[in-house]
Amino acid sequence: MLSKSIILASASPRRHEILSLAGIDHRVITSDADEGSVPFTVGKPGEYTIATASLKNDAVYEVVKDADEHKNSLVVSADTIVYMDGAPSPLGKPKDRADAVRMLSQLSGNSHSVVTGVVIRDVMTGKKSEFSVSTRVYFRKLSSDEILRYVDSGDSMDKAGAYGIQGGACSFVSRIDGDYFNVVGLPICALVQELTKY
């Protein structure tokens, strides 16, 4: 499908799975970029995710740009956040059990946005493109027992907003407006459309 090879600048197993599901061959090269260095501006989650994805992309690009084996490659990076309108910061990955319970209690009975910023860079030319995709997610009202049972399953601890729509939290979501795969971690339809420009 693509004349260039893809380097996924992400350690996320979910992004790897989505690319594989779409039939896109790729290799994973991760960076140690300091994502905490990107400031968040209230009401601008798209800009924040693009800035964070760009940080990851820059770090991997610096590693591969001089290697002949990567000259015909595109570096793809992404950052996904869970954001409640007007909040001072996004809901990141929970620090501990109590933090996960707090996040899910906030999401219960409410809607929120899952926003992913994506950055693509051509290793040969340095050409760069970026975009963000937002999906609205609606949670039904959850009982305390449901929240505790889910948190104790361990599924929430490595996920933004303390839940994974593709796992045990699938029954929490009453509906979504937008791209399901964006909620999982990679807006694959928009990504493929952008990749074809290369």
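Residues numbered from 1 in each chain as written. Predicted model: local features only at pLDDT ≥ 70, side-chain atom pairs only at ≥ 80, totals over all residues. Heavy atoms only, no water.

Digging into the nonpolar core
Argument step 1. Among the nonpolar cores identified, the biggest contains 47 residues, and Leu104, Leu107, Ile120, Phe139, Tyr163, Leu191 and Leu195 are the most heavily contacted of them.
Argument step 2. With 6 residues, strand β3 (residues 73-83) is the largest single contributor of residues to this core.
Argument step 3. When sequence neighbours within four positions are dropped, the list of residues in contact with Phe139 reads Leu104, Leu107, Ser108, Gly109, Asn110, His112, Tyr163, Phe172, Val173 and Ser174.
Argument step 4. Formed by 7 residues, the second largest nonpolar core is a distinct cluster that contains Ile7, Val64, Val75 and Val123. (Core = buried A, V, L, I, M, F, W, Y, C linked by side-chain atoms within 4.5 Å. Buried < 20%, exposed > 50% of the residue type's maximum accessible area, 1.4 Å probe, protein only. Helix = DSSP H or I, 4+ residues; strand = E, 2+ residues; numbered from the N terminus. Contact = heavy atoms within 4.5 Å.)

Quick look at the sheet that holds strand β2 (residues 26-28)
Argument step 1. A sheet is described by the order of its strands in space; here 6 strands give the open sequence β2-β1-β3-β4-β5-β6, paired in mixed fashion. Edge positions in the sheet fall to β2 and β6 (173-177), since each of these pairs with one other strand and no more. Here the average twist between neighbouring strands, direction ignored, is 25°.
Argument step 2. With 10 bridges connecting them, β3 and strand β4 (residues 111-122) associate as antiparallel partners. Among the inter-strand pairings, Leu74 is bridged to a residue of β4, identified as Asp122.
Argument step 3. Sheet contacts for helix α2 (residues 45-64): β1 (5-8), β3, β4 and β5 (128-139); angle to β3, the most-contacted strand, approximately 150°.
Argument step 4. Running over the sheet, helix α6 (residues 188-195) touches β1, β3, β4 and β5 and is turned about 165° from β5. (Pairing = 2+ DSSP bridges. Axes fitted to C-alpha atoms, helices over the stretch in contact; angles between N-to-C directions.)

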